Amino acid sequence: MDTILSVGLSHQDAMRRRMDVIANNIANASTTAYKSERVVFQDYLFNMEGKGPKALRDVQMVLDYGVLPDMKGGALQSTGNPLDIALEGEGFFVVENNQGDRLYTRNGKLGINDAGELVTQSGARVLGMNDQPIALNIDDALITISDDGTIITENGEIAQIQMTGFASYQGLQRRGDSMFATDQPELPPVNLRIHQGTLEGSNVNPIQQVTEMITALRSYQTMERSLSEYSDLRDRAIDRLASLQA
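Since this is a predicted model, take the numbers as computed values, not measurements.

A. Main features of the packing of aromatic side chains. For the coordinates displayed, the defined rule picks out four aromatic pairs. Summarising the aromatic geometry, the rings of Tyr104 and Phe166 are spaced 4.9 Å apart at their centres and angled 90 degrees between planes, so their arrangement reads as edge-to-face. Taken together, the residues span a long stretch of sequence, with Tyr104 in strand 6 (residues 102–105) and Phe166 in the loop between strand 13 (163–164) and strand 14 (173–176) at a distance of 62 residues. The same class applies to Tyr104 and to Phe166, which are both buried.

Given below as structure tokens:
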């Protein structure tokens, strides 16, 4: 195994992965409640076999450890629509998709489906505290959603939107439409409140993301030049060795 090439390629692979994540962030800069992501890298150390000095046999490579979402809140944007809600603080409200999967989202652009259930844009049903979909009368004209998620209409209190938090966000898995899935245990949300008639914007900072992409691209190109120079040097060394043995 050519150690120098392997180390260099691991670095390039890490930078390519980083650029993919940054590009996805930029593409979602205007997506409601989108949370930017960053790649978490991990050093992989191993000791090559041989009789040389240990310091020369210790090899350090870069591995893609995972992607971590940044749960910092996005800017709140007033819409005046009573079925638009935004979360302030860390956490999610709980929904169920058509396959029965329990998912989590902060995208509060809601509506009412044909069955009278409160749903997200993608059709996932918003769950109440009893883990059941929230049923509304499509003719209800006055819908009030309090900061703790309690829904009240002219007919009285209907339900309370279920909200939750997690000990860590590293295990969250994206499911599209600003939704996440996880096997982590749910925790009671702390200092999490709802704003009615408001949506949460994306927390992506486009200028920062473009800057990070340029940095990653330059790092990739620098390593590419280094590997090219190393390859040329190795080829010349092999040619010279062959001519000396002739």
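B. Main features of the pattern of salt bridges. Evaluated as defined, the whole model comprises nine salt bridges. Its salt-bridge partner being Asp13, residue Arg16 comes within 2.9 Å of it at the nearest N-O pair. Here Arg16 and its partner Asp13 are both found in helix 1 (residues 3–27), three residues apart, which amounts to about one turn of the helix. Look at Arg16 and you get partly exposed, because its relative accessible area is 38%. Linking Asp131 and Arg102 is a salt bridge whose minimum nitrogen-to-oxygen distance equals 3.1 Å. Linking Asp131 in the loop between strand 9 (125–126) and strand 10 (144–145) with Arg102 in strand 6, this pair joins segments that are 29 residues apart in sequence.

Calculation rules
- Residues numbered from 1 in each chain as written.
- Predicted model: local features only at pLDDT ≥ 70, side-chain atom pairs only at ≥ 80, totals over all residues.
- Heavy atoms only, no water.
- Phe/Tyr/Trp six-rings, centres within 6.5 Å; stacked < 30°, edge-to-face > 60°.
- Helix = DSSP H or I, 4+ residues; strand = E, 2+ residues; numbered from the N terminus.
- Buried < 20%, exposed > 50% of the residue type's maximum accessible area, 1.4 Å probe, protein only.
- Salt bridge = Lys/Arg side-chain N within 4 Å of Asp/Glu carboxyl O.

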